[in-house]
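What follows is each chain in one-letter form.
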Amino acid sequence: MAISVFDLFTVGIGPSSSHTVGPMRAAHAFVGALAKRGVLAEVADLKVDLYGSLAATGRGHGTFTAVLLGLEGYDPETVLPDEVDESLARIERTGELQFCAKLEGVEGAPTLKFGVDDIVLHPLTVLPRHTNGMRFAALDASGESIDEQLYFSVGGGFIIREGAEEAVLDRLEAALAEQPYPFRTAAELLEHCERERLSIAGVMLGNELVSRSETEIRGGLTHIWNVMEACKNSALARTGVLPGGLNVRRRAPDWHRQLTERDSERDPVYWQEWVNLVALAVNEENASGGRVVTAPTNGAAGIIPAVLFYATHYLPGAANWSDDEKQRVIADFLLAAAAVGVLYKEQASISGAEVGCQGEVGSASSMAAAGLAQVLGGTPAQVENAAEIAMEHNLGLTCDPIGGLVQIPCIERNAIAASKAINAAKMALMGDGSHHVSLDEVIVTMRETGRDMSEKYKETAMGGLAVNVIEC
C-alpha cells in the first residue's frame, strides 16, 4: 500500500481520529458523491446508522456532531473550531441541517430537519469489516432511497467505503509500483537502506518524491509542525475544565507557568517536565475538540509533538540552528516516523477500536522513537531497534476511556509514552542495532494481541477504568 507521510499526519479536529475525523470525512464523502450526481435537490430526508464502537462511545468522542458537520459539507482538514461551535449551536437551536451547504460550488442544497437524536445507534452490532461502521442513506419525498452507502473508519482518520475496496487497492498498488523503494515490512525497508546507502528518512523521502517536489514535501512537513505548535500554544491559553462532564481540570497552563518560573534558562535537567507538558497540552486541546494533527491518531496526538519538541530543544547545538537546519531536522524526524507508521498500517492497525490502545499510543510511541533515533544520528538498524523497543513495552495496552471521553487515561498516557519513546531511542543508540526481536515480529505480535483482546477493552467504554471508576 502506498501510504504517504501526509496520509499519516493530517490536520483535523478532536477528540478522535477514528471517531471524529473519520465519521466527518465519511459524511463529507457521502454528500460529495450526491452532489457529483446532481441529485441534491431530490433529497428530502436522511437516515444515519452507527455501529459498534462508534455507537458505544460516539457521544463522548464527538462522533454524532462530526457526522452532522460532514453532512453540511465540512472537511475535517479545513474546518476551524469556531466554525464547529457556531454550526453545532445553530443545528441544536433550529433542529435543522444545512445539507451540503459548505461544499464548494453547490447550489440548491436543501435544509433538512435532522439532528443528533435522529442518528440510530447499534452499539452491540459489530459489522464484519470493522467495529467502526456507519451507514448513510438519502431519501426522496416519498421515502424512496436515492443513495445508500456503508463506510468504515479504520483508524487515523482513514475511511473505507464498502464496495470500493478493490478500486482503492488497485489505485494504491499502482501508486506503490511507481515508488522507487516500495516496502511493507521493516525487513524490506532495511534492505533498501543497505542497498541504496540511504537512511530510513531518505527512503521515505525518495518515495514521496514520486508525487511531490522536495520543496513541497519539506514545506508540508513544516506546516504539520506549525499546526502541532499552534495546538500546544492554544492549550496553554485555555483554563477551566475540559468538556464532557468529567470535570477534568486543564493542567497545561498551570504547568507551563510553573516550568517557566523554575526553568527560565531551559536547563536540560528539566527536559522530561517539558516533554510531559507538550504531550499534556496537545491532548487537552484534542479533548476540547481543537485543531490537531493526527499522529497517527488523535488519541495519541501528543506523543510525536512532545518528542519532536525534545529533538528541537535538547539535541546538541539546537539553540543555534538556522531555520533551514531546524526544518531539516523536523522533516527527517517526521519522515522516519512515517516510515514506521506505514509498517503498522500495512501489517496491523492503528485503530484503538480494533486492537486497543497499543495500536494508537503504542504505534505513536514507536514512530516517535524512530524519528528521534533518526535525528540523533542513528543507523537504519538502530532506528528500527528504537521503534521495536517502544512498541514491545506497549504491547497489550487497552483502550478503556472513562465516559468514552479521550481524557482519562488518554492525556497522561501520551506523556508517559513520549518518555518511553525518548528512552527507547537512547537505548537503541547505545547498541549497534542488532537485537533479538525484530520490529516486524513485534508488529505481528501487536496485531495478534489485539485480535485476542476482549472487545470490552477496545474503545467501547465497557471495561477497565471505564466501568471501575465513577464518572462524577
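Please refer to the structure placed before this passage.
Note that the structure is predicted; figures quoted are calculated from it, not measured.

Cut-offs and rules
Residues numbered from 1 in each chain as written. Predicted model: local features only at pLDDT ≥ 70, side-chain atom pairs only at ≥ 80, totals over all residues. Heavy atoms only, no water. Helix = DSSP H or I, 4+ residues; strand = E, 2+ residues; numbered from the N terminus. Polar contact = N/O pair within 3.5 Å; in protein donor to acceptor, adjacent residues only side chain to side chain. Buried < 20%, exposed > 50% of the residue type's maximum accessible area, 1.4 Å probe, protein only. Contact = heavy atoms within 4.5 Å. Salt bridge = Lys/Arg side-chain N within 4 Å of Asp/Glu carboxyl O. Pairing = 2+ DSSP bridges. Axes fitted to C-alpha atoms, helices over the stretch in contact; angles between N-to-C directions. Disulfide = S-S within 2.5 Å. Patch = residues over 30% accessible without salt bridge, like charges linked within 9 Å, V, L, I, M, F, W, Y side chains within 5 Å. Areas by Shrake-Rupley, 256 points an atom, 1.4 Å probe, with all protein chains shown as cover. Lys, Arg positive; Asp, Glu negative; His and termini not counted. Charge placed at Lys NZ, Arg CZ, Asp CG, Glu CD. Expected span 1.5 Å × (residues − 1). Parallel < 35°, antiparallel > 145°, perpendicular 65-115°, else oblique.

J.: Talk me through the environment of T94; I want residue IDs and the actual numbers.
T.: Checked against the element boundaries, T94 lands in helix α5 (residues 81-94). For T94 and K113, which are 19 residues apart along the polypeptide, the C-alpha to C-alpha distance reads 8.6 Å. Looking at T94, its side chain comes within polar contact range of the main-chain oxygen of R90, at 2.8 Å. At a separation of 3.1 Å, a polar atom in the side chain of T94 contacts the main-chain amide nitrogen of E96.

J.: Go over helix α8 (residues 200-208) with me, naming the residues and quoting the values.
T.: For α8, the buried fraction is high: nine of the nine residues fall into the buried class. Of all the positions in α8, only I200, A201, G202, V203, M204, L205, G206, N207 and E208 are classed as buried. Next to the buried residues of α8 lie α1 (5-8), α7 (186-196), α9 (214-236), α13 (323-347), α15 (361-375) and α16 (380-392).

J.: Give a description of the pattern of salt bridges that names residues and reports values.
T.: For the coordinates displayed, the defined rule picks out 16 salt bridges. R135 is paired through a salt bridge with E148; the nearest N and O atoms lie 3.4 Å apart. With R135 in strand β6 (residues 133-139) and E148 in strand β7 (residues 145-155), this residue pair connects regions lying 13 residues apart in the sequence. K458 is the salt-bridge partner of E455, the closest N and O atoms lying 3.1 Å from each other. Overlapping salt bridges bring together D254, R257 and E261 as one network.

J.: So what's going on with the side chain of Q179? Which residues, and what values?
T.: Looking at where Q179 falls in the secondary structure, it is placed in the loop between α6 (165-178) and α7. Each residue touching Q179, except ones within four places of it in the same chain, is listed here: A2, N207 and V210.

J.: Outline the sheet that holds strand β2 (residues 45-51), listing residues and values.
T.: Spatially, five strands are ordered β5-β2-β6-β7-β8 in an open sheet, and the strand pairing comes out mixed. In this open sheet, the two strands that pair with only one neighbour each are β5 (120-122) and β8 (158-161). Across the sheet, the mean angle from the axis of one strand to that of its neighbour is 20 degrees, orientation sign disregarded. In this sheet, β6 lies alongside β2 in antiparallel orientation, the contact comprising six bridges.

J.: Please give an account of the state of the cysteines that cites residues and values.
T.: Each disulfide consists of a covalent bond between the sulfur atoms of two cysteine residues. Summed over the entire model, instances satisfying the criterion amount to zero disulfides. In this structure C410 is not part of a disulfide, and its nearest cysteine sulfur, from C399, lies 6.2 Å away.

J.: An account of a negative patch on the surface is needed here, citing residue identities and associated values.
T.: Where like charges cluster on the molecular surface, the negative patch consists of D82, E83, D85 and E86. Considering the arrangement of structural elements, one finds D85 in helix α5.

J.: So what about the environment of V467? Which residues, and what values?
T.: Tracing the backbone through its elements, the reader meets V467 in helix α19 (residues 465-468). Overall, V467 belongs to the partly exposed group, its relative accessible area being 47%. A C-alpha to C-alpha distance of 9.9 Å links V467 and K456, two positions 11 residues apart in sequence. Once you skip the residues sitting within four places of it in the chain, V467 turns out to touch A461 and M462.

J.: Help me get a handle on α16, residues and values and all.
T.: Across its 13 residues, α16 extends 18 Å between first and last C-alpha, which sits within 8% of the 18 Å expected from 1.5 Å per residue. Counting buried positions along α16 yields 10 of 13 residues, so the element is predominantly enclosed. Taken together, the buried positions of α16 are occupied by Q382, V383, E384, N385, A386, A387, E388, I389, A390 and M391. Tucked inside the fold, the buried residues of α16 contact α7, α8, α13, α15, α17 (410-430) and α18 (439-452).

J.: Hey, could you go over the environment of S53 for me, with residue numbers and the actual values?
T.: Inspection of the secondary structure puts S53 in helix α3 (residues 52-61). In the structure, S53 is positioned 351 residues away from G404 in sequence and 9.7 Å away in space, judged by C-alpha atoms.

J.: Outline the packing of α9 against helix α12 (residues 303-314), supporting the account with residue identities and numerical values.
T.: Relative to each other, α9 and α12 sit at 105 degrees, their axes nearing to 11 Å. Overall, the two elements α9 and α12 adopt an arrangement that is roughly perpendicular. Listed contacts from α12 to W225, M228 and K232 of α9 are I304, P305, L308, F309 and T312.

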